[in-house]
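# A closer look at the structure
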Amino acid sequence: MQFMLESIAQKGSSNSICGEASGCLIVMKFFEFILILFFMRKIIGIIYLLCRVLQQKSLDILNAIDLISTTKALL
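So, here's what we can say about the structure. Treat the numbers as computed from the prediction; the structure is a model and nothing was measured. (Residues numbered from 1 in each chain as written. Predicted model: local features only at pLDDT ≥ 70, side-chain atom pairs only at ≥ 80, totals over all residues. Heavy atoms only, no water.)

When helices and strands are counted, the protein shows three helices and zero strands. Reading the secondary structure of the protein in the N-to-C direction produces α-α-α. Here the protein holds 75 residues, and 11% of them are scored as buried. When the accessible surface of the protein is split by element, carbon and sulfur atoms take 69% of a total near 6500 Å². (Helix = DSSP H or I, 4+ residues; strand = E, 2+ residues; numbered from the N terminus. Buried < 20%, exposed > 50% of the residue type's maximum accessible area, 1.4 Å probe, protein only. Areas by Shrake-Rupley, 256 points an atom, 1.4 Å probe, with all protein chains shown as cover.)

Okay, a nonpolar patch on the surface next. Together, F31, L35, I36, F38, F39, M40, I43, I44, I47 and L75 make up an exposed nonpolar region whose accessible area comes to about 940 Å². Turning to its location among the elements, M40 is positioned in helix α2 (residues 15-54). (Patch = residues over 30% accessible without salt bridge, like charges linked within 9 Å, V, L, I, M, F, W, Y side chains within 5 Å. Salt bridge = Lys/Arg side-chain N within 4 Å of Asp/Glu carboxyl O.)

Glancing now at the side chain of T71. Mapped onto the elements of the fold, T71 is located in helix α3 (residues 61-74). A polar side-chain atom of T71 sits 2.8 Å from the main-chain carbonyl oxygen of L67. Those residues within four positions of T71 in sequence are excluded, and the remaining contacts are I46 and L50. (Polar contact = N/O pair within 3.5 Å; in protein donor to acceptor, adjacent residues only side chain to side chain. Contact = heavy atoms within 4.5 Å.)

Listed below in C-alpha cells is the structure:
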C-alpha cells in the first residue's frame, strides 16, 4: 500500500491526486510511527520488570524459568 501511494504521489495524473496521495502517505507514516512507539513502550515495560526481578540474588532457577515463560506469554 505504501509503495502504491509513493508511486502515485510521484507520478500522479493530476496535481490533486498527487497531493492526496502525498497527504495519505504522511498520515500513514505518522500513524505507523505512533503505533510502533505504543507497542515498544508496552514491550520495554514488560521486559524491564523481568530484568529487575532476575537481578535479585534470592531468586531460584525454578522461579526464574516461570517468570520467563510468563513474560513470553505476555509478549
